[in-house]
Amino acid sequence: MIQQPELTVIMPVYNVEKYLARALDHLAKQDDPNFKLLIVNDGSTDSTRKIAEQYRDQFRYFNIINKPNGGLSDARNVGIENVDTPYFTFHDGDDWVDSGYTAFFVRAFHDHPDAAMVSCGFWLDYENKEGSIPATKKNVHGMKNKLRTYQLVGNPLGSLMDNHFLATPVKGYTWNKGYKLSVVKHNHLHFMSDLAFMEDQIFTVQYLALTDGFYCDSTPLYHYWQRKDSMVHKFNLKMIPDNFKANYFIIKTMIRSLWQEHKKEKGTKHELIEASERDQR
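We now turn to the structure provided with this report. (Residues numbered from 1 in each chain as written. Predicted model: local features only at pLDDT ≥ 70, side-chain atom pairs only at ≥ 80, totals over all residues. Heavy atoms only, no water.)

### Digging into the packing of helix α5 (residues 146-153) against helix α7 (residues 199-209)
Working step 1: Where α5 meets α7, the closest approach of the two axes is 11 Å, and the angle between their N-to-C directions is 175 degrees. Classified by the angle their axes make, α5 and α7 are roughly antiparallel. Between α5, through Lys146, Thr149, Tyr150 and Val153, and α7, the contact on the second element is made entirely by Gln201, Thr204, Val205, Leu208 and Ala209.
Working step 2: Residues of the contact of α5 with α7, tallied by class, amount to five nonpolar, three polar and one charged. (Axes fitted to C-alpha atoms, helices over the stretch in contact; angles between N-to-C directions. Helix = DSSP H or I, 4+ residues; strand = E, 2+ residues; numbered from the N terminus. Parallel < 35°, antiparallel > 145°, perpendicular 65-115°, else oblique. Contact = heavy atoms within 4.5 Å. Nonpolar A, V, L, I, M, F, W, Y, C, P; charged D, E, K, R; others polar.)

### Here we look at the state of the cysteines
Here, disulfide denotes a covalent bond that connects the sulfur atoms of two cysteines.
Working step 1: Across all of its chains, the model carries zero disulfides by this definition.
Working step 2: Residue Cys120 stays outside any disulfide, its sulfur separated by 8.4 Å from that of Cys216, the closest cysteine.
Working step 3: For Cys216, a relative accessible area of 0% puts it in the buried group. (Disulfide = S-S within 2.5 Å. Buried < 20%, exposed > 50% of the residue type's maximum accessible area, 1.4 Å probe, protein only.)

### Quick word on the packing of aromatic side chains
Working step 1: Tallied over the entire structure, the rule returns 21 aromatic pairs.
Working step 2: On the numbers, 5.8 Å between centres and 55 degrees between planes, the contact of Trp96 with Trp225 is tilted. Within this pair, whereas Trp96 is found in strand β5 (residues 96-97), its partner Trp225 is found in strand β10 (residues 214-226), the two being separated by 129 residues in sequence.
Working step 3: Trp96 gets classed as buried once you look at its relative accessible area, which sits at 10%.
Working step 4: For Trp225, a relative accessible area of 13% gives the class buried.
Working step 5: Ring centres 4.4 Å apart and planes at 15 degrees place the aromatic pair Tyr173 and Trp175 in the stacked group.
Working step 6: We classify Tyr173 as buried; its relative accessible area is 16%.
Working step 7: Of note, Arg22 hangs over the ring of Trp225, and the distance from its end group to the ring centre comes to 4.5 Å.
Working step 8: In this arrangement the basic side chain of Lys129 is found over the ring face of Tyr126, its NZ or CZ atom lying 4.5 Å from the centre. (Phe/Tyr/Trp six-rings, centres within 6.5 Å; stacked < 30°, edge-to-face > 60°. Lys NZ or Arg CZ within 6 Å of the ring centre and 35° of its normal.)

### Section: the environment of Asn243
Working step 1: With respect to the element layout, Asn243 can be found in helix α8 (residues 239-280).
Working step 2: When the C-alpha positions of Asn243 and Phe197 are compared, they lie 7.8 Å apart, and in sequence the two are 46 residues distant.

### Brief notes about the side chain of His223
Working step 1: Among the secondary structure elements, His223 is positioned in strand β10.
Working step 2: Judged by relative accessible area, which is 6%, His223 ranks as buried.
Working step 3: At a separation of 2.7 Å, a polar atom in the side chain of His223 contacts the side chain of Asp98. (Polar contact = N/O pair within 3.5 Å; in protein donor to acceptor, adjacent residues only side chain to side chain.)

Below is the structure:
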């Protein structure tokens, strides 16, 4: 008897006919096939929708939502609204994953019940280079406190330039993270739709600020395809104000969260001292 799936993979797609088959081929060969695939077609004008439909029979749970074009954040928000599993993650239509990808999230949440978010590492793949390159050789493993988590997630330069010297196996991307639906629903979290980029890092930081417990395993399982024609790698003037706006929001959220954490720890320490003094009377 097949158990109800615990994980949904949300895949927003827009005009990715050149890459979608590769993404779906790898997802269809997961070690743990018991997950839900939710494709959000954001008004594609090429054959993206047709290609996606051809894979319907290769997944146990498969759903396509076709909507007018509203941008990546809007597509992600629509995806979240239609999740009915305890955990979910995201997957871009031009990337692909290793066979242990979906199993990682379910296992990580089961093995670390105190974790509100879990993360795996990722590969960098280039059109003009053979083989996959790990995002970093740094080995990060285990539960992390809030300050260390923010250090791993932070990416202050955004997409203004390649910043491999700040590389971590985590960063603010959503496709190597596992989220709990209950956290998102309870706090009414959603992606900001008025930014050209870094909306994923804002969502991740907001989520972390509202929770305790982050687990990371730097083993790379996700392949981040470095497209020269992608929005992230094509500089435009809107990136500059958006970068400042996003970083202001992120830094403010982090500082406020860490200050609240400090006050909570200080209060707990004070209570322990008072309890100890009472016991000694």
